[in-house]
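Each chain, letter by letter, is given below.
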Amino acid sequence: MDNKVTFAKIRNQTPKYMEIAEGKVVSIDYNLKDDEGTVIDQSKPDQPLVYLHGHKNIISGLESALAGKKAGDTVDARIAPEEGYGPLNAELEQVVPKDRFQGVEDLQVGMQFQANTNQGPISVRVVKVEGDQVTVDGNHPLAGKHLNFSVKVTDVRDADEEELSHGHVHGKGGVEH
Ligand code: ZN
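Residues numbered from 1 in each chain as written. Predicted model: local features only at pLDDT ≥ 70, side-chain atom pairs only at ≥ 80, totals over all residues. Heavy atoms only, no water.

The next subject is the overall build of the protein. The helix and strand tally for the protein stands at 2 helices and 9 strands. In the protein, the succession of helices and strands from N to C terminus is β-β-β-α-β-β-β-β-β-β-α. Computed over the C-alpha atoms, the radius of gyration of the protein is 22 Å, more than 25% above the 16 Å expected from 2.2 N^0.38 for a compact globule of 177 residues. The principal-axis extents of the C-alpha atoms in the protein amount to approximately 85 × 35 × 25 Å. Evaluated residue by residue, the protein yields a buried proportion of 29% over its 177 residues. (Helix = DSSP H or I, 4+ residues; strand = E, 2+ residues; numbered from the N terminus. Rg over C-alpha atoms; globule rule 2.2 N^0.38 Å. Buried < 20%, exposed > 50% of the residue type's maximum accessible area, 1.4 Å probe, protein only.)

This is the structure in structure tokens:
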């Protein structure tokens, strides 16, 4: 190169060395398994999960595991319930009579309902149907589980002012409004 060459800055260029930290918008491909090796969730090809780091968009254990990583890095993390979806709360599992489900035909395990409790509405799943007795569980389906993540970081960029003030990502993979 001769010394008359000049360089113009290209906008929105993501430096490959940008590290994941608070206020970065992070794209990840991920695969989540339970301790038995069953795949619980995974990102679709070419549709990474995009989140704003440091704003509780994802579970705290995964944020901790990703902090300081860069685009191209892979991370394997086993996350305890306390840093995932919380421990199981036995009080959220209840046996109720079937007649509480008025107008529901063919009540089955796995169906979801909103339960109106004196602490407000909670989302519950039917976990057992036995005669006239129905067991419902208001725990998050992943509560009490260790979460085994395999993650590949595909992009890291700075969040803009609006994203930081909203606490979430806009644009592709983010909130559209
Ligand atoms: Zn917003």
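By size, the foremost hydrophobic cluster in this structure holds 20 residues, and its most contacted members are Ile28, Leu62, Leu66, Phe149 and Val151. Secondary-structure elements contributing two or more residues to this core are β1 (24–33), α1 (60–66), β4 (74–79) and β9 (147–158). By residue number, the principal contributor to this core is β9, which donates 5 residues. In this structure Leu66 touches Ile20, Ile28, Tyr51, Ile58, Val75, Val151 and Val153, once residues within four positions along its chain are discounted. Grouped together as the second largest cluster of nonpolar side chains are 7 residues, Phe101, Leu107, Val124 and Val136 included. (Core = buried A, V, L, I, M, F, W, Y, C linked by side-chain atoms within 4.5 Å. Contact = heavy atoms within 4.5 Å.)

On to the packing of aromatic side chains. Tallied over the full model, the rule gives 2 aromatic pairs. Ring geometry for Tyr30 versus Phe149: centroids 6.3 Å apart, planes at 55°, classification tilted. With Tyr30 in strand β1 and Phe149 in strand β9, the pair connects residues that are 119 residues apart, well separated along the chain. (Phe/Tyr/Trp six-rings, centres within 6.5 Å; stacked < 30°, edge-to-face > 60°.)

Reading across the sheet, the 4 strands line up as β5-β8-β7-β6 and stay open at both edges, with antiparallel pairing between neighbours. Either end of the sheet is taken by a strand with one partner, and the two such strands are β5 (93–97) and β6 (112–117). When strand polarity is set aside, the average angle formed by the axes of neighbouring strands in this sheet is 45°. By the bridge criterion, 5 bridges tie β5 to strand β8 (residues 133–137) in an arrangement that is antiparallel. Opposite Val96, over in β8, you have Val134 as the bridge partner. (Pairing = 2+ DSSP bridges. Axes fitted to C-alpha atoms, helices over the stretch in contact; angles between N-to-C directions.)

In this section: the domain arrangement of the protein. Here the domain parsing of the protein yields domain 1 (24–85 + 143–166) and domain 2 (90–137). Its C-alpha centre places domain 1 at a distance of 32 Å from the equivalent point of domain 2. (Domains from an automatic or database assignment.)

For the zinc ion, the full set of protein donor atoms is His166 (ND1), His168 (NE2), His170 (NE2) and His177 (NE2), and the range of their distances to it is 1.9 to 2.1 Å. Because the angles between the 4 donor atoms bound to the zinc ion fall within 100 to 123°, the donor set is best described as tetrahedral. Every donor residue of the zinc ion comes from the same chain, spaced as H-x1-H-x1-H-x6-H. Note on His166: relative accessible area 38%, which makes it partly exposed. (Donors = N, O, S within 2.8 Å, 3.2 Å for Na, K, Ca; no water. Tetrahedral: all angles 85-135°; square planar, octahedral: opposite > 155°, others 65-115°.)

This paragraph deals with the pattern of salt bridges. For the structure shown, the criterion picks out 4 salt bridges. Among the salt bridges present, the one from Asp158 reaches Lys24, with a minimum N-O distance of 2.5 Å. Here Asp158 is found in strand β9, whereas its partner Lys24 is found in strand β1, with 134 residues between them in sequence. With a relative accessible area of 17%, Lys24 lands in the buried category. Measuring nitrogen to oxygen at the nearest pair gives 3.6 Å for the salt bridge that ties Asp137 to Arg125. Linking Asp137 in strand β8 with Arg125 in strand β7 (residues 120–130), this pair joins segments that are 12 residues apart in sequence. Of the residues examined, Asp137 reaches a relative accessible area of 8% and is grouped as buried. (Salt bridge = Lys/Arg side-chain N within 4 Å of Asp/Glu carboxyl O.)

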